[in-house]
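Residue-level structural notes
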Amino acid sequence: MNRLQRLLGIDVPIVLGPFGGLSSIALTAAVSEGGGFGSFGLYGYTPARIHETIALLRAATRRPFAVNLWMPRGDEITPDDVELQPFLDAARPLFDAAGVAVPTPPEAFLPPVGAQIDAVLDARPDALSVVFGVPDAELRERAHDRGIALIGTATSVAEARALEASGVDAIVATGAEAGGHRVSFLEDPAASLVGTFALVPQVVDAVSVPVIAAGGIADRRGVAAAFALGAEGVQVGTAFLRTRQSAATDGHRAAIAAAADTDTRLTRVMSGRLARGIPNRAMRELETSGMIAPFPGQNWLTGVFRAAATAAGDAELLSLWAGQAAGLSRFDDAGDVLAELRAGLPL
Ligand SMILES: Cc1cc2nc3c(=O)[nH]c(=O)nc-3n(C[C@H](O)[C@H](O)[C@H](O)COP(=O)(O)O)c2cc1C
């Protein structure tokens, strides 16, 4: 048993990465039931939905699991801050292609983070992982009072140090290979594109809490390498997103299954923040238009046509988030992914 296994009460130090918008109860529960640590992304969830989700997770597994929230980075806009019409007009061909009207801005883009935190603490998951920031002292105390472990996420050594100073119990060190958003909070994410192989040992040397390696790990070789670099756990996203238990659409799963090493890229156009995914019509047309609302305005805007495209099964109008190791993902069942990853753990 290493420190991470003891902290989280798990047999297998393999963490299912949370997927904001694409987590599923089935996948989170499958990983926890398999002895790993399932995480569920609560990005954009209202407090009521958070309560409902954690109750469903508890009903699906008696084993430990985490939920995940995005901390405010301080640069988020509200619908009143920016005139959104020019951005909506620029995206009109994508709304047309999805068969939806150009929407009118909502009253708020996201539920207040304070209310999300209250809901999570009230529901007492085994752990809360956070991205885009450092938990404040109040959150740390309230979480620890309730026996909830806190996990922070770093894209650089400086962020790992800041997280340790805030009192988190473990740190995910996420390299630039990872699928989804670059979760930097001290620097511009484009200036924090350290690869997993370089980042993990430098973070391990800089902090004393257990480090979980993330980004580009998709099979037993990646797990063995991460532990050789000093990690006490790994967090895997893309390889699990490909499985039938995930909430990805069939088109998204097929795009991951078909991806080669050079088939992902970083873009701001789908959400207003830098993230890694597979280019499709939406990404290309928004990159050409160059009209990208600041986060989370752009994420709301694309979310309107993405929802229609999800229902219609059109992968050309989705955010096809995936990491550079997509080409290593081989399995359609989460249990098979977990078995493959376990084979790389130190004996
Ligand atoms: C579709 C998608 C959504 C993601 N959403 C979140 C999120 O909301 N919070 C978070 O901490 N990480 C998020 N991630 C990152 C994953 O949890 C994980 O750390 C990452 O995928 C690991 O790299 P890999 O894709 O190379 O395995 C997301 C990744 C993907 C692919």
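In what follows, the structure referred to is the one given above.
Residues numbered from 1 in each chain as written. Predicted model: local features only at pLDDT ≥ 70, side-chain atom pairs only at ≥ 80, totals over all residues. Heavy atoms only, no water.

Quick look at the overall build of the protein now. Helix and strand counts for the protein stand at 15 helices and eleven strands. Taking 2.2 N^0.38 as the reference for a compact globule, 347 residues should give roughly 20 Å; the C-alpha atoms of the protein span a radius of gyration of 19 Å, in line with that estimate. Projected onto the principal axes, the alpha-carbon positions of the protein cover approximately 55 × 45 × 40 Å. In the protein, which comprises 347 residues, the share counted as buried stands at 55%. Put simply, of all contacts in the protein between residues at least 6 apart along the chain, 67% involve residues at least 24 apart. (Helix = DSSP H or I, 4+ residues; strand = E, 2+ residues; numbered from the N terminus. Rg over C-alpha atoms; globule rule 2.2 N^0.38 Å. Buried < 20%, exposed > 50% of the residue type's maximum accessible area, 1.4 Å probe, protein only. Contact = heavy atoms within 4.5 Å.)

Time to look at the pattern of salt bridges. Applying the stated criterion across every chain yields a total of 18 salt bridges. A salt bridge links R273 to E76, with the nearest nitrogen and oxygen atoms 2.9 Å apart. In this pair, R273 is assigned in the loop between β10 (265-267) and β11 (275-277) and E76 in the loop between β3 (65-70) and α4 (85-90), connecting sequence segments 197 residues apart. Taking the relative accessible area as the measure of exposure, R273 reaches 3% and is therefore buried. Residue class for E76 comes out partly exposed when judged on its relative accessible area of 25%. A salt bridge links D333 to R244; the nearest nitrogen and oxygen atoms lie 2.5 Å apart. In this pair, D333 sits in the loop between α14 (297-312) and α15 (334-342) while R244 sits in the loop between α11 (238-241) and α12 (250-258), placing the two residues 89 residues apart along the sequence. (Salt bridge = Lys/Arg side-chain N within 4 Å of Asp/Glu carboxyl O.)

Under the defined criterion, the tally for this structure stands at seven aromatic pairs. Relative to F295, the ring of W70 lies with its centre 5.7 Å away and its plane at 20 degrees, an arrangement referred to as stacked. Here F295 lies in the loop between α13 (281-289) and α14 and W70 lies in strand β3, a separation of 225 residues in the sequence. Pair check on accessibility: W70 and F295 agree, each one buried. Ring pairs connect the aromatic residues Y43, W70, F132 and F295, which therefore count as one cluster. Its guanidinium or amino end placed over the ring of Y45, R49 lies 3.9 Å from that ring's centre, counting from NZ or CZ. Between the NZ or CZ atom of R273 and the centre of the ring of F132, over which it lies, the distance is 4.4 Å. (Phe/Tyr/Trp six-rings, centres within 6.5 Å; stacked < 30°, edge-to-face > 60°. Lys NZ or Arg CZ within 6 Å of the ring centre and 35° of its normal.)

As a matter of local geometry, the ligand sits amid 19 residues, with P18, N68, G216, G237 and T238 nearest to it. At a separation of 2.9 Å, an oxygen atom of the ligand approaches a polar side-chain atom of W70. In the environment of the ligand, an oxygen atom lies 3.1 Å from a nitrogen or oxygen atom belonging to the backbone of G179. Burial of the ligand by the surrounding chains reaches 95%, relative to a free accessible area of 610 Å². Counting only elements with at least two residues in the shell around the ligand, the list comes to β3, β9 (233-236) and α11. Residues that form the shell around the ligand fall into these classes: nine nonpolar, ten polar and no charged. (Near = heavy atom within 4 Å. Polar contact = N/O pair within 3.5 Å; in protein donor to acceptor, adjacent residues only side chain to side chain. Areas by Shrake-Rupley, 256 points an atom, 1.4 Å probe, with all protein chains shown as cover. Nonpolar A, V, L, I, M, F, W, Y, C, P; charged D, E, K, R; others polar.)

A few words now on the side chain of T196. Structurally, the position occupied by T196 is in helix α9 (residues 196-206). Apart from the residues lying within four places of it in its own chain, the contact partners of T196 are G175, A176, E177, P201, A214, G215 and L229.

The next subject is the pairing of strand β6 (residues 170-174). Counting buried positions along β6 gives five out of five residues, so the element sits mostly inside the fold. On β6, burial covers both faces: A170, V172 and T174 on one face and I171 and A173 on the other are all buried. Alignment of strand β5 (residues 149-154) against β6, held across four bridges, turns out to be parallel. In the sheet register, A154 faces β6, and the bridge partner there is A173. Where the polypeptide runs from β5 across helix α8 (residues 157-166) and back to β6, its parallel neighbour, the crossover connection is right-handed. Across four bridges, β6 lies against strand β8 (residues 211-214) in parallel orientation. In the sheet register, I171 faces β8, and the bridge partner there is V211. (Pairing = 2+ DSSP bridges. Right-handed = clockwise from strand over helix to strand, strands pointing away.)

Taken together, the buried positions of helix α2 (residues 25-33) are L27, T28, A29, V31 and S32. G35 sits one or two positions beyond α2 and adopts a positive phi of about 100 degrees.

This part takes up the packing of helix α3 (residues 47-60) against helix α6 (residues 113-123). Here α3 crosses α6 at 25 degrees, and the two axes come no closer than 9 Å. Here α6 runs roughly parallel to α3, going by the angle between their axes. As for the relative orientation of α3 and α6, their crossing is right-handed in sense. Touching P47, I50, H51, I54 and R58 of α3 are A115, Q116, A119, V120, D122 and A123, all from α6. For the contact of α3 with α6, the class distribution of residues is seven nonpolar, two polar and two charged. (Axes fitted to C-alpha atoms, helices over the stretch in contact; angles between N-to-C directions. Parallel < 35°, antiparallel > 145°, perpendicular 65-115°, else oblique. Left-handed = near helix turned anticlockwise from the far one by under 90°.)

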